[in-house]
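As a plain string of letters, each chain reads:
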Amino acid sequence: MLIMIKGGQVYDRETGEFVKQDLLIEDHQIVRIAKDIQATDIVDQIIDAENRIIVPGLIDLHVHFREPGFEQKETIMTGSMAAARGGYTTVACMPNTRPVIDTVETVQSIKKRAEEAATRVLMYGAITVRELGENLTDMHELAEAGVIGFTDDGVGVQTSAKMKEAMKKAKSLNLPIVAHCEDNSLAKGGCVHEGVFAKQHDLPGIPNEAEAIHVGRDILLAESTGAHYHVCHISAKESVRLVREAKSRGQKVTAEVTPHHLLLCDEDIPAPDAMWKMNPPLRGKADREALIEGLQDGTIDFIATDHAPHTTAEKAVGMKQAPFGIVGLETAFPLLYTHLVCTGILTLPQLIDKMTYIPATTFGLPFGELAEGKTADLTMIDLHHEQVIDPERFHSKGRNTPFKDWKVKGWPVLTMLNGKITWSESKKTIKG
Ligand code: DOR
């Protein structure tokens, strides 16, 4: 199968420029990128990319696809379709499923289910058995089965000794510890950030230190063990400061931030409505500013959505009772393009790199680049098309988003994984 993508503005990471070029894709590989490729006669399909940008397939290293165990919220199939619609070609699933991804059998059964998925589905193994924080999983076996790192995401590892043991093991396996940072004794059953909104509505708050204490503790543990330590969904300004300081000493500490923490703060929450409930919670204004600054100066390495679907019924029970989490895969790029690039906070190449090349290289994955000889993972985006976010149109089973009715532009229009089209808004073909 030979496919040509014609006349798009192709992103060149080396120069940071968009150059009008054609791409020739043979089976799963990009075989040529050049101006005006003359191959109309021999190709099976020509896709018209006029007025579109073409970027590497987006990469989200923090998603919850809920399978096995919570298929009413999402499945690998619906989650991966949501990802493809959002322009993603590679995702990494968190292990807080039922059973937890803590054995080789579970890793293998997810791999099997993911064979037909619309994205490449990578996964993490749990740090502790059933994410209970007590006994380490067989990290060696999990690594051999192909997990890309270790995390108890959804909960923090409460004891320092257990985290240190896990880091030593992760270091010997050359894989990262990907930490959900939350000290339960400080978070104490809170449901929103301990700030303006919590006070106004008399809701139990989660203070910044609940996160930052773990970040500080773990940076020290990673320093002594030599492990690669990665902070999940960083949200507090103190955590940003700690990561910045660790990086300045040359330590291998990395971090990710979500679109919602970059775009919203607790004062934006209109009313106690669980569509605005996630963990970590939307923080204060100064935190949001620190996250943006951290993303700009490279303290925060990349963007991940923490796509966390829940059913409408689960989210309808109020701020205190509802589960934490919002969906993110189908709205991340247009939201960030509209609110960070169009406002001059990031350049378009910066945003693209933080959603492709940087997550890939941070975790040593061979994706995230458009070049001859590379796997044909790519996304075509219409930067000008403006559309209102309509959760009813989501491919995800989750409708839980605070961004309903936001008007944003920069929508992915076609996604290709391994040379196969996994999603297309309205495929404009010239041939085939
Ligand atoms: O908001 C969240 N939802 N944060 C987490 O850490 C877990 C996730 C979930 O699994 O729903």
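This one's a predicted model, so the numbers in the text were calculated from it and none came from an experiment.

### A short note on the pairing of strand β5 (residues 53-56)
At step 1: As paired elements, strand β1 (residues 2-12) and β5 share two bridges and run parallel to each other. In the strand pairing of β5, V10 is matched with I54.
At step 2: Bridging between β5 and strand β15 (residues 378-388) involves four bridges; their strand directions are antiparallel. Along β15, the bridge assignment pairs I54 with M380.

### A few points about unusual backbone geometry
At step 1: P68 follows E67 through a cis peptide bond whose omega is 10°.
At step 2: Examined against the element boundaries, P68 turns out to sit in the loop between β6 (58-63) and α1 (76-85).
At step 3: Even without being glycine, D202 reaches a positive phi, approximately 50°.
At step 4: Considering the arrangement of structural elements, one finds D202 in the loop between α6 (196-201) and β11 (205-206).
At step 5: Look at N418: it is not a glycine, yet its phi comes out positive at around 55°.

### Focus on helix α8 (residues 237-248)
At step 1: In this model α8 runs 17 Å from its N-terminal to its C-terminal C-alpha over 12 residues, within 8% of the 16 Å that 1.5 Å per residue would give.
At step 2: Among the residues making up α8, those that are buried are S239, V240, V243 and A246. The arc enclosing the buried residues of α8, seen along the axis, measures out at 130°, which places them on a common side. Exposed residues pointing more than 90 degrees away from the buried face of α8 are listed as R241 and S248.

### Things to note about the sheet that holds strand β9 (residues 177-179)
At step 1: Taken in spatial order, the four strands line up as β9-β12-β13-β14 in an open sheet, and their pairing is parallel. Of all the strands in the sheet, the pair left with one neighbour each is β9 and β14 (302-303).
At step 2: For strand β13 (residues 253-257) and β14, the ladder comprises two bridges, and the chain directions are parallel. Across the sheet, the residue bridging to V257 is I303, located in β14.
At step 3: In this fold helix α7 (residues 208-225) packs onto β9, β12 (229-231) and β13, with an angle of close to 165° to the strand it touches most, β12.
At step 4: Where α8 meets the sheet, its contacts fall on β12 and β13, and the angle it forms with β13 comes to roughly 145°.

### Points about the site of the ligand
At step 1: Residues in contact with the ligand amount to 14 residues; listed here are only the nearest, R66, N96, N279, H310 and F324.
At step 2: At a separation of 3.1 Å, an oxygen atom of the ligand approaches a polar side-chain atom of H310.
At step 3: Measuring from an oxygen atom of the ligand, one finds a backbone N or O atom of G325 at 3.2 Å.
At step 4: In the shell around the ligand, the residues fall into three nonpolar, eight polar and three charged.

### Here we look at the nonpolar core
Burial of nonpolar side chains together is a common tendency in soluble globular proteins.
At step 1: In terms of nonpolar packing, the biggest core is built from 89 residues, with F150, I177, Y229, L262 and F333 touching the most fellow members.
At step 2: The leading source of residues in this core is helix α12 (residues 332-341), at seven residues.
At step 3: Not counting the four nearest positions on each side in its chain, F333 is found in contact with L58, L348, L351, I352, M355, I381, L383 and G410.
At step 4: Listed in part, the 17 residues of the second largest apolar core include V10, A49, L414 and M416.

### So, the environment of T254
At step 1: In this fold, T254 is placed in strand β13.
At step 2: Its relative accessible area of 6% is what places T254 among the buried residues.
At step 3: In this structure, T254 is in contact with H228, Y229, H230, V231, K247, D301 and T362, ignoring residues within four places of it in sequence.
At step 4: At a separation of 2.8 Å, a polar atom in the side chain of T254 contacts the side chain of H228.

The rules behind these values
Residues numbered from 1 in each chain as written. Predicted model: local features only at pLDDT ≥ 70, side-chain atom pairs only at ≥ 80, totals over all residues. Heavy atoms only, no water. Pairing = 2+ DSSP bridges. Helix = DSSP H or I, 4+ residues; strand = E, 2+ residues; numbered from the N terminus. Expected span 1.5 Å × (residues − 1). Buried < 20%, exposed > 50% of the residue type's maximum accessible area, 1.4 Å probe, protein only. Arc of directions from axis to C-beta. Contact = heavy atoms within 4.5 Å. Axes fitted to C-alpha atoms, helices over the stretch in contact; angles between N-to-C directions. Near = heavy atom within 4 Å. Polar contact = N/O pair within 3.5 Å; in protein donor to acceptor, adjacent residues only side chain to side chain. Nonpolar A, V, L, I, M, F, W, Y, C, P; charged D, E, K, R; others polar. Core = buried A, V, L, I, M, F, W, Y, C linked by side-chain atoms within 4.5 Å.

In short, the description is geometric, and any link to function would need to be established separately.
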